Amino acid sequence: MQLDDLYRRVIMDHYKNPRNRGSLNEDAVTINLNNPTCGDRIALQLQVVDGKVVDAKYTGEGCSISMSSASMMTEAVKGRTFEEAINMAERFSALMKGEDVEFQENEDIEALSGVNKFPARIKCATLAWNALRKGIEQ
Amino acid sequence: MNINAIREQFPVLHQEINGHPLVYLDSAASSQKPRSVIDAVTRYYELDNANVHRGVHTLGSRATDAFEGARQKVAALLNAESPEQIIFTRGTTTALNLVASSYARTVCKEGDEIVITPMEHHSNLIPWQQAAKATGATLKYIPLQPDGSISIKDAEAVITANTKIVAITYVSNVLGVINPIKELAAIAHRNGAVIVVDGAQSTPHMKVDVQDLDADFYAFSGHKMCGPTGIGALYGKKELLSNMEPIEYGGEMIDFVELYESTWKEIPYRFEGGTPIIAGAVGLGAAIDFLQEIGLDEIDKHEKQLAAYAYNRLSEIDGITIYGPKDNRVGLVTFNLDDVHPHDVSTVLDSKGIAIRAGHHCCQPLMRWLNVSATARASFYLYNTEEEVDRLADALIQTKEFFGHAIG
């Protein structure tokens, strides 16, 4: 078990310097999601115009994995159509299963592949992505 | 107390996790099991297995004797007046739900009060929320002192003549604080209320005397005290249990069944519908034997020493916050490291073979009171040593360094 596989530099960078942390206007789609087993929570906001996510911000509390994942996801989802966003969320699920997938939208996301070796932490990484799926369903 | 000899009896402790000898510091969530408990369960299945209280064959008698023998051991452990006051349940949760679903719904009405505290585990909180909603009773809280303890003065102010039930944990699974149950019982009784005690964190670690405490109901789980999962018990005063309605109906709990009416067996059987967890009860009996052979006073002493040692060692770490009072605590230490989330602490410790708990510990209201979303907790049992506390302290310092470096 190598801690460096999990806590890669790029993950720690997103944890320390979160991108898109904050709130959007009230008319943005807001999704509150928590992980009842551990207490992590996220409030994700998506600004949607014509079936496209034009802006995304989040607030929340959680560990380095859940918060850095939210930071990366919000960076990657901006400018994506619903279809593209769902496709990206599906690729993220595949990444968590240990599959070799690419994220041209934001290569930082690939750094989370190490989470796969820490089964107890997968739910941390997927919290923000589950919020994204829920938001798009809305 | 010879810790090495005790450790020898726990097979699971003798393994490496991620290349390091296992340091198991999560016994407050679930304890490890000694060989004698594992063997008792195996032996029961290999030699005595049959259903209880049914049939007249030899195995049926042996299984019944083993099951009822375990009930007697529980009664003796708690110093209950008689074994019929011990109801086997799935654990503390089921036991507390039984009181809340049966007793509370019969006794409480609009205008009555149910009194609890913000330090309760969800299993001693939600059943009372639901009982209050169902009966129109008001749920009230005894506030916590800044150190997480409760004061008798506050309890006297909150518990009134309208209070029907006071439900409180003997020992907090987060703060480690030991609550003054005997005094609270006296206040409850003075006001005509009963006291329900959550004994999940006390029974494994200290001598409990339900008569001395004057507890009306007392619940605990087997798996936190060297026994198997899926078994626990509810103690109740005889006159209370005798007037309580069952909440589960089926085999084992009936006296006569007619087409349109049925009558119930006497206590405790009327609360034990269906085939019980027989092997679990047998394992719990073996766990009680094991603990009593060592002596609960000895175990209590050992854990308090470890807790004090851990409190001091961990206090030396820069940027650590330890929750709960310094004194009057059992063998657990709940803490947070500045700038490192408890999940991350737990993952780093696991990489060094150290198992602790991270999260809200089924105490979301208490987490809000502490103003945190989660905490880390190291909890100790009779098999833990000062060397293990040292390994924890060293690993926490390394965790800080690792994260300090990683997030620069």
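Residues numbered from 1 in each chain as written. Chains lettered and ligands numbered in written order. Predicted model: local features only at pLDDT ≥ 70, side-chain atom pairs only at ≥ 80, totals over all residues.

1. Some remarks on the overall build of chain A
Item 1. Across its full length, chain A carries 5 helices and 4 strands.
Item 2. When the helices and strands of chain A are listed from N to C terminus, the series reads α-α-β-β-β-α-β-α-α.
Item 3. Computed over its C-alpha atoms, the radius of gyration of chain A comes to 14 Å, within 12% of the 14 Å expected for a compact globule of 138 residues.
Item 4. For the C-alpha atoms alone, the extent of chain A along its principal axes is close to 45 × 30 × 25 Å.
Item 5. Taking the contacts inside chain A whose residues are at least 6 apart along the sequence as the reference set, 63% of them involve residues at least 24 apart. (Helix = DSSP H or I, 4+ residues; strand = E, 2+ residues; numbered from the N terminus. Rg over C-alpha atoms; globule rule 2.2 N^0.38 Å. Contact = placed C-beta atoms within 7 Å.)

2. Examining the overall build of chain B
Item 1. Along chain B, the regular secondary structure elements total 14 helices and 17 strands.
Item 2. By the compact-globule yardstick of 22 Å for 408 residues, chain B fits well, its C-alpha radius of gyration being 22 Å.
Item 3. For the C-alpha atoms alone, the extent of chain B along its principal axes is close to 75 × 55 × 35 Å.
Item 4. Buried positions account for 52% of the 408 residues belonging to chain B. (Buried ≥ 20, exposed ≤ 12 C-beta atoms within 10 Å, placed from the backbone.)

3. Points about the domain arrangement of chain B
Residues and elements named next belong to chain B.
Item 1. Here chain B is partitioned into domain 1 (3-26 + 296-406) and domain 2 (49-293).
Item 2. Once you take the C-alpha centre of each, domain 1 and domain 2 turn out to be 29 Å apart.
Item 3. At the junction of the two partners, domain 1 supplies 24 residues and domain 2 supplies 24 residues.
Item 4. Those elements giving two or more residues to the side of domain 1 that touches domain 2 turn out to be α11 (296-315), β14 (332-337), α13 (364-370) and β17 (375-379).
Item 5. Take the side of domain 1 that touches domain 2: its biggest share by element is 6 residues, from α11.
Item 6. Residues that form the side of domain 1 that touches domain 2 fall into these classes: 13 nonpolar, 6 polar and 5 charged. (Domains from an automatic or database assignment. Nonpolar A, V, L, I, M, F, W, Y, C, P; charged D, E, K, R; others polar.)

4. Quick notes on the interface of chain B and chain A
Item 1. Taken together, the 15 residues of chain B in the interface contact 17 residues of chain A.
Item 2. The set of elements that each furnish at least two residues to the side of chain B that touches chain A consists of α12 (342-351) and α14 (386-406) of chain B.
Item 3. Counting residues per element, the side of chain B that touches chain A draws most heavily on α12 of chain B, which supplies 5 residues.
Item 4. Among the residues forming the side of chain B that touches chain A, the class breakdown is 6 nonpolar, 8 polar and 1 charged.

5. Details of the sheet that holds strand β10 (residues 232-236) of chain B
All names here are of chain B.
Item 1. The strand order β4-β10-β9-β8-β7-β5-β6 describes an open sheet built from 7 strands, whose pairing is mixed. Two strands bound the open sheet, and with one partner strand each, they are β4 (86-89) and β6 (138-141). The sheet shows a mean angle of 20° between the axes of neighbouring strands, direction not considered.
Item 2. Bridge count between strand β5 (residues 113-116) and β6: 4 bridges; the pairing is parallel. When the bridges of β6 are listed, I116 appears paired with Y141. (Pairing = 2+ DSSP bridges. Axes fitted to C-alpha atoms, helices over the stretch in contact; angles between N-to-C directions.)

6. Quick notes on the nonpolar core
Item 1. I114, V166, V197 and F217 of chain B are the most contacted members of the largest nonpolar core, which has 130 residues in total.
Item 2. In terms of residue count, helix α10 (residues 278-294) of chain B provides more of this core than any other element does, 10 residues in total.
Item 3. Counting only domains with at least three residues in this core, you end up with domain 1 (3-26 + 296-406) and domain 2 (49-293) of chain B.
Item 4. Counting 37 residues, the second-largest nonpolar core is a separate cluster that includes I11, M67, M88 and I109 of chain A. (Core = buried A, V, L, I, M, F, W, Y, C linked by C-beta atoms within 7 Å.)

7. Brief notes about the environment of V340 of chain B
All names here are of chain B.
Item 1. As for its position among the elements, V340 is in the loop between β14 and α12.
Item 2. In this structure the C-alpha to C-alpha distance between V340 and T399, which are 59 residues apart in sequence, comes to 8.4 Å.
Item 3. Residues in contact with V340, not counting those within four places in the same chain, are V345, T399, K400 and F403.

8. A look at helix α5 (residues 122-137) of chain A
Given 3.6 residues to a turn, an α-helix orients residues that are three or four positions apart in the same direction.
Item 1. The terminal C-alpha atoms of α5 of chain A lie 22 Å apart, and with 16 residues this matches the ideal 22 Å at 1.5 Å per residue to within 8%.
Item 2. The largest bend in α5 of chain A amounts to roughly 35° and is located at A128 of chain A.
Item 3. For α5 of chain A, the complete set of buried residues consists of C124, A125, T126, L127, A128, W129, A131, L132, G135 and I136 of chain A.
Item 4. Considering only its buried residues, α5 of chain A is in contact with β1 (29-34), β2 (41-49), β3 (52-61), α3 (64-77) and α4 (82-96) of chain A together with α12 of chain B. (Expected span 1.5 Å × (residues − 1). Bend = angle between axes of the 7 residues up to and from the residue.)

9. So, helix α2 (residues 35-48) of chain B
Residues and elements named next belong to chain B.
Item 1. Its 14 residues place the ends of α2 19 Å apart at the C-alpha level, agreeing with the 20 Å of an ideal helix rising 1.5 Å per residue.
Item 2. Residues of α2 that are buried include every one of V37, A40, Y44 and D48, and no others. Along the axis of α2, the buried positions cluster into a sector of 55°, meaning they face one direction only. In α2, those exposed residues whose orientation departs by more than 90 degrees from the buried face are T42, Y45 and E46.
Item 3. Packed against the buried residues of α2 are α3 (58-78) and α10. (Arc of directions from axis to C-beta.)

10. Some words on the sheet that holds strand β4 (residues 80-81) of chain A
Residues and elements named next belong to chain A.
Item 1. With antiparallel pairing, 4 strands are arranged side by side in an open sheet as β1-β2-β3-β4. Of all strands in the sheet, those with a lone pairing partner are β1 and β4, marking the two edges.
Item 2. Running over the sheet, α3 touches β2, β3 and β4 and is turned about 170° from β3.

11. Description of the environment of R43 of chain B
Residue and element names in this part refer to chain B.
Item 1. Residue position: R43 is located in helix α2.
Item 2. We classify R43 as partly exposed; it has 15 C-beta atoms within 10 Å.
Item 3. The sequence separation of R43 and A279 amounts to 236 residues, and the corresponding C-alpha distance is 9.4 Å.

12. Things to note about the pairing of strand β11 (residues 254-257) of chain B
Residues and elements named next belong to chain B.
Item 1. Two elements, β11 and strand β12 (residues 262-264), share 2 bridges in a ladder whose sense is antiparallel. If you follow V257 over to β12, its bridge partner there is S262.
Item 2. Two successive antiparallel strands, β11 and β12, enclose a turn made up of 4 residues.

13. Considerations on unusual backbone geometry
Item 1. Looking along the chain, the bond that leaves I267 of chain B and enters P268 of chain B is cis, with omega of 0°.
Item 2. When you line up the elements, P268 of chain B lands in the loop between β12 and α10.
Item 3. The phi dihedral of D50 of chain A falls on the positive side, at around 50°, and the residue is not glycine.
Item 4. Within the secondary structure, D50 of chain A is located in the loop between β2 and β3.
Item 5. The phi angle at N18 of chain B is positive, at roughly 50°, despite the residue not being glycine.

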